[in-house]
Structures are given as structure tokens and as C-alpha cells.
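Inside the fold
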Amino acid sequence: MPRWRSSWPRSVFLSLALQAIVSVGAAYLLLDTGYPDDRLQLMLGNAAPKMLLTSRELATRLAAISPVAPHFYDALLPDTAVDDLPQAPRPQDGAYIIDTSGSTCRPKGMLIGREAIVNRLLWMQVSYPLNADDVVLQKTPSSFDVSV
């Protein structure tokens, strides 16, 4: 049986981009570039993103299937301070979209709220306590729910 393998290009820019997105109160959808273009196009169409952040290496591929033009996350310059945002992120706001195919075999997005992330982290800390001496390895693909 073939093993599924993620091909999301991890980098410091990815980590910074995710932190920036969450900090301004936006939600993100991670696209696993190991998926075929038709699936990625369906995911992008369902999510209707306002912006597409990507690496320069993926720009041509994603520009062909995205409803919005790609921006390079290694070239973004901040033009708005977090303090200048019209509204601070709220616990009930969405944080990210995860796609699941379920029984239909067609991806459908589920918006996961910030409160759900906090609940998961609190449960993890009770079940598997971490302290300042612990080190955590990012072992799952960034597009997988548990990676948050």
C-alpha cells in the first residue's frame, strides 16, 4: 500500500507567515503541494482566499489554479502594525481551514476557531505536561490538524 507523503515546503518563512496571519486575526488554509492541481484548485475555490502566500518556486503552479495572484512570503514587508488593526482577534474568530474529504471524496473546508486551538493546547498540557526544559519537534505536515 503506498504511503501518503506531504510535500509542503517547510521554512522559517512558513512559520513567520503563519504567525503573522494569526496575529492579525485572519485564518489560513495550508495547501499540501503533494495534492494534484485539481484538488488544490477546488480547495482554493471553496475557501475564496483574499491572499495567497507562497514560495517563489511554487508561484507559477499556484498562479495557474488560484483565484487570486500569489504573493511571496519571503518578500512581504509589513505595512500595518498589529496595533493599527480595526479589531483585535477574538477567541470566536476562525484560525485556519482544514479540508476533509469524508465520505464524498470531495474536499470541503472546515473553519477551526481560535477557542478550539486553546482547548486542544490546554488538554495537551494536562495530559502531556511540558515545561521550560522540554523540546518539541514539529513532526506532522503543516497541513495536518495536529500540527497547530
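Residues numbered from 1 in each chain as written. Predicted model: local features only at pLDDT ≥ 70, side-chain atom pairs only at ≥ 80, totals over all residues. Heavy atoms only, no water.

What about the sheet that holds strand E4 (residues 94-100)?
- Pairing is mixed across the open sheet formed by three strands, whose spatial order is E1-E4-E5. Where the open sheet ends on each side, the last strands, each with one partner, are strand E1 (28-29) and strand E5 (108-113).
- Alignment of E4 against E5, held across six bridges, turns out to be antiparallel. Within E5, the residue paired with isoleucine 98 across the bridge is methionine 110.
- Along the sheet, helix H4 (residues 114-127) contacts E4 and E5; its crossing angle with E5, the most-contacted strand, is approximately 70°. (Pairing = 2+ DSSP bridges. Helix = DSSP H or I, 4+ residues; strand = E, 2+ residues; numbered from the N terminus. Contact = heavy atoms within 4.5 Å. Axes fitted to C-alpha atoms, helices over the stretch in contact; angles between N-to-C directions.)

What to know about the packing of aromatic side chains
- Under the criterion given, the structure shown has two aromatic pairs.
- Ring geometry for tyrosine 28 and tyrosine 96: centres 5.7 Å apart, planes at 25°, overall stacked. Taken together, the residues tyrosine 28 in strand E1 and tyrosine 96 in strand E4 connect sequence positions 68 residues apart. Take tyrosine 28 and tyrosine 96: they sit in the same class, and that class is buried.
- Ring centres of tryptophan 123 and tyrosine 128 lie 6.0 Å apart, and the angle between their planes is 80°; on these two criteria the pair is classed as edge-to-face.
- In this structure, arginine 39 packs its charged tip against the face of tyrosine 35, placed 4.5 Å from the ring centre. (Phe/Tyr/Trp six-rings, centres within 6.5 Å; stacked < 30°, edge-to-face > 60°. Buried < 20%, exposed > 50% of the residue type's maximum accessible area, 1.4 Å probe, protein only. Lys NZ or Arg CZ within 6 Å of the ring centre and 35° of its normal.)

Observations concerning the pattern of salt bridges
- For the coordinates displayed, the defined rule picks out two salt bridges.
- The closest approach of N and O atoms between aspartate 37 and arginine 61, which form a salt bridge, is 2.6 Å. With aspartate 37 in helix H2 (residues 37-47) and arginine 61 in helix H3 (residues 59-63), this residue pair connects regions lying 24 residues apart in the sequence.
- Given a relative accessible area of 33%, aspartate 37 falls into the partly exposed group.
- The exposure class assigned to arginine 61 is partly exposed, which follows from its relative accessible area of 25%.
- Of the charged contacts in the structure, one is a salt bridge between aspartate 93 and arginine 90, with a shortest N-O distance of 2.8 Å.
- What makes arginine 90 partly exposed here is its relative accessible area of 37%. (Salt bridge = Lys/Arg side-chain N within 4 Å of Asp/Glu carboxyl O.)

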